[in-house]
Amino acid sequence: MRVLNKATEYLLAGFLSSGRRVTDSVAACMDILPRVRKCGEILPLLGSAAVGRCAAAPRAAPEEEKKEAAAPFEAGGARPGPFRAGELALAELRRKHNTTLKLMCRLEADSVLSSSSGILRHRDIIGQLPGQVLRTSTGAWMLLRRPSLEDYVLLMARGPTISYPKDISAILMMMDIHPGDTVLETGSGSGAMSLFLSRAVGPKGRVISYEIRDDHHNLAKKNYKHWRTAWEIGRMQEWPDNVDFILKDISKAAVDMKSVTLDAVVLDMLNPQSALPVVHPSLKQGGVCAVYLANITQVIDLLDKLRTCKLPFLCERIIEVTHRNWLVLPAKIKNSKSSQMVETQENIEEPPQKEYEEIHIQDQVFFKESEYSESDNAETYCSVPYVARPSYWQEAHSAFLTKLRKFRPPLA
C-alpha cells in the first residue's frame, strides 16, 4: 500500500509539472487517488482491461505469420541478423593510450582472427549478433560488428592512396548527387570513391569510372565486388551493380563521351586539366566538376588551364577538409592521502609531465571547492572531473577540393 501511495504522489507531481492546465491535473489525480488506496479495486480493473485488449486483438493466421517471417527485407533498412559465413566482420580491440585496433576479416568456418592480443575462431563469431563482445584466447575482449562503408574503404586492400571518407563526403555535397544521376569518375584507384558514388546514385543511377593503369583497374573492381558480395550475405539485400569500370585514358575517350550525358564529374588524377576538354561537352549546363588534388600548385595549374583555354567553368570553391579529434576522459584524482585512478590506465592517454601536473592541480582545486558545497543535490552532479583536450592524432590535410561549375558563355 505504501508503494501505491508513493506512485500516486509521483503521478500527481508529473501532472503538475506538465504544460496542462493545473485544474485538470488536480481533478485527474483526485479521481485516481481513491482507487489507488483501495488495492483490491484497481488490480481487478487492470487485469480485466488487459484481458479485454488481448481478446480484442486479432490473431494472425499461421500462414500469414510464415509469410511475414519469409518476407524479403525492405529497401529502407535490413533487420539485424546474426553473422553468416562469407560476410565481413569488424573486430574492435581497445588498447593503451585510448586507441582502438580495428581488424576486418571475411568469415570462414575453419579460419581464425589473429592479433597481438590472441586469436578468435571464426566459428565462434558466426551465428552471433553484431554488437557482441567476445573473448580472445588470451582473455582480451573484442567487440564484433559489421563494417560500415567508411570502415571498409579504410581497411580494404589498397594500391594507390585512397580518397578519404572525410573528403568524399564533402565532394558528394559539392556535386549535389541524387539517386538516378549519371556520374563520371576519372581515376578509379582502389575503388573508394566508386563505392560511395554507387551508393549515392542508387540502383537507377550510373557511375562511369575510367582508369589508365591496369593494376589499379583490377583492384578497384575486386574491392567493389567484395563489398557487394559481403553486403548481400550480411544484409540480405543486393547492392546495386551500377559502376562501369573502364580501362582507358580519359583524354582519349572523346568519342565515348559524345553518347553520354553527365550530371556531375569527379576528377582524381595528376593532370585533370587534360580531361576537362573531353568531359565538359557531356556535362549538363550548371553541372559540377569536383577535382581532387594533393597540393596547391596543382590547383594553380588547373585554374591557369581554364583561363588560357577559355573553358566554360567557374571556380566556386577551393577547400581542404580537416577534422579535429578530441579526448574527453575521466581525470586522475589525486588528494593528500592517496593517488586514485578513476579509469584504468589502458583507457587514458598519458600527457606530457607538465600537462600532467597542471591537471592534478586543477583537480585538487575542484575537490576543495566541492568539499564545502551543500550535498543535497549530490546525486545530480558527477563527482568525477573530466579532462577535455584535443587528441594528439589529428586528421589534417589530405587534399584540396576544387569545385568547378559549368556555365553557358554569353553570346558575342
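Everything that follows concerns the structure shown earlier in this document.
Calculation criteria
Residues numbered from 1 in each chain as written. Predicted model: local features only at pLDDT ≥ 70, side-chain atom pairs only at ≥ 80, totals over all residues. Heavy atoms only, no water. Helix = DSSP H or I, 4+ residues; strand = E, 2+ residues; numbered from the N terminus. Buried < 20%, exposed > 50% of the residue type's maximum accessible area, 1.4 Å probe, protein only. Contact = heavy atoms within 4.5 Å. Areas by Shrake-Rupley, 256 points an atom, 1.4 Å probe, with all protein chains shown as cover. Core = buried A, V, L, I, M, F, W, Y, C linked by side-chain atoms within 4.5 Å. 1 Å grid on protein atoms, 1.4 Å probe; cavity = no way out; pocket = protein on both sides within 12 Å on 5 of 7 lines; lining within 4 Å. Points joined across faces, edges and corners; volume = space filled by probe spheres on them. Nonpolar A, V, L, I, M, F, W, Y, C, P; charged D, E, K, R; others polar. Salt bridge = Lys/Arg side-chain N within 4 Å of Asp/Glu carboxyl O. Phe/Tyr/Trp six-rings, centres within 6.5 Å; stacked < 30°, edge-to-face > 60°. Lys NZ or Arg CZ within 6 Å of the ring centre and 35° of its normal. Pairing = 2+ DSSP bridges. Axes fitted to C-alpha atoms, helices over the stretch in contact; angles between N-to-C directions. Patch = residues over 30% accessible without salt bridge, like charges linked within 9 Å, V, L, I, M, F, W, Y side chains within 5 Å. Expected span 1.5 Å × (residues − 1). Arc of directions from axis to C-beta.

### Description of the overall build of the chain
Next up, step 1: Summing up its helical and strand segments, the chain has 13 helices and 17 strands in all.
Next up, step 2: For the chain, the proportion of its 412 residues judged to be buried stands at 37%.
Next up, step 3: Taking contacts inside the chain between residues at least 6 apart in sequence as the whole, the part at least 24 apart equals 67%.
Next up, step 4: Here the chain displays about 25200 Å² of accessible surface, and carbon together with sulfur accounts for 55% of that area.

### Thoughts on the environment of Glu185
Next up, step 1: Here Glu185 shows up in strand β7 (residues 182-186).
Next up, step 2: Counting along the chain gives 84 residues from Glu185 to Met269, while the straight-line C-alpha distance between them is 9.8 Å.
Next up, step 3: Not counting residues up to four positions away in its chain, the partners in contact with Glu185 are Met193, Ser194, Leu197, Ile208, Ser209, Tyr210 and Val266.

### Some words on the nonpolar core
Next up, step 1: Counting 36 residues, the largest nonpolar core has Val153, Ile171, Met175, Leu197 and Leu401 as its most contacted members.
Next up, step 2: The set of elements that each furnish at least two residues to this core consists of α6 (149-155), α7 (165-175), α8 (192-201), α9 (214-235), β9 (243-247), β10 (262-267) and β11 (283-293).
Next up, step 3: Counting 25 residues, the second largest nonpolar core, distinct from the first, contains Met257, Leu267, Phe400 and Leu404.

### A look at the layout of surface pockets
Next up, step 1: Estimates place the volume of the largest pocket at around 940 Å³.
Next up, step 2: Forming the walls of the largest pocket are 26 residues, and the residues nearest its centre are Lys102, Leu154, Asn325, Trp393 and Glu395.
Next up, step 3: The dominant element in the lining of the largest pocket, judged by the number of residues it contributes, is α6, at four residues.
Next up, step 4: Taken together, the residues of the lining of the largest pocket sort by class into eight nonpolar, 10 polar and eight charged.
Next up, step 5: Looking at the second largest pocket, it is lined by 33 residues, and the ones nearest its centre are Gly187, Glu211, Asp268, Met269 and Leu270.
Next up, step 6: Taken together, the elements giving at least two residues each to the lining of the second largest pocket come down to β7, α8, β8 (206-211) and β11.
Next up, step 7: Its residues placed into classes, the lining of the second largest pocket shows 13 nonpolar, 14 polar and six charged.

### Some words on the pattern of salt bridges
Next up, step 1: Across all of its chains, the model carries 15 salt bridges by this definition.
Next up, step 2: One salt bridge connects Arg206 with Asp244, and the closest N-O pair in it is separated by 3.0 Å. One end of the pair, Arg206, is in strand β8; the other, Asp244, is in strand β9, with 38 residues separating them in the sequence.
Next up, step 3: We note a salt bridge from Arg307 to Asp304, for which the minimum N-O separation is 2.8 Å. Of this pair, Arg307 and Asp304 both sit in helix α12 (residues 296-309), three residues apart, which is roughly one turn of that helix.
Next up, step 4: According to the relative accessible area criterion, Arg307 is exposed, its value standing at 59%.
Next up, step 5: Residue classification places Asp304 among the partly exposed residues on the basis of a relative accessible area of 37%.
Next up, step 6: A single network of salt bridges, built from pairs that share partners, joins Glu92, Lys102, Arg145 and Asp151.

### Here we look at the packing of aromatic side chains
Any aromatic ring pair is given by two values, namely how distant the centres are and how the planes are angled relative to each other.
Next up, step 1: Across all of its chains, the model carries five aromatic pairs by this definition.
Next up, step 2: Both rings, one in Tyr224 and one in Phe245, keep their centres 5.6 Å apart while their planes meet at 65°; by these two values the pair is edge-to-face. Linking Tyr224 in helix α9 with Phe245 in strand β9, this pair joins segments that are 21 residues apart in sequence.
Next up, step 3: By relative accessible area, Tyr224 is classed as buried at 5%.
Next up, step 4: Three or more aromatic residues link up through ring pairs in this structure, and these residues are Tyr152, Trp227, Trp231 and Trp239.
Next up, step 5: Here the basic side chain of Arg146 rests over the ring of Phe83, its NZ or CZ set 5.3 Å away from the ring centre.

### Focus on the sheet that holds β8
Next up, step 1: As summarised here, the arrangement of the seven strands in space is β9-β8-β7-β10-β11-β17-β12, forming an open sheet in which the pairing is mixed. Pairing within the sheet leaves two strands with one partner each, and these edge strands are β9 and β12 (313-319). Between one strand axis and the next, the sheet turns by 15° as a mean value, whatever way the strands run.
Next up, step 2: Where β7 and β8 come together, five bridges link them in parallel fashion. Along β8, the bridge assignment pairs Glu185 with Ser209.
Next up, step 3: Lying over the sheet, α7 contacts β10, β11, β12 and β17 (400-406), oriented at roughly 165° with respect to β11.
Next up, step 4: Along the sheet face, α12 touches β11, β12 and β17 and points at about 15° away from the line of β17.

### Some details on a nonpolar patch on the surface
Next up, step 1: A surface patch of nonpolar side chains, about 260 Å² in accessible area, is lined by Ile296, Ile300 and Ile318.
Next up, step 2: Here Ile300 falls in the exposed class, since its relative accessible area comes to 52%.

### Brief notes about α12
Next up, step 1: Between its first and last C-alpha atoms α12 spans 20 Å; for 14 residues at 1.5 Å apiece the expected length is 20 Å, and the two agree.
Next up, step 2: Every buried residue of α12 is accounted for by Gln298, Val299, Leu302 and Leu306. Down the axis, α12 shows its buried residues gathered within 105° of arc, on one side only. Facing away from the buried surface of α12 by more than 90 degrees, the exposed residues are Ile300 and Arg307.
Next up, step 3: Against the buried residues of α12 lie α11 (276-279), β11, β12 and β17.
Next up, step 4: Lys310 sits one or two positions beyond α12 and adopts a positive phi of about 55°.

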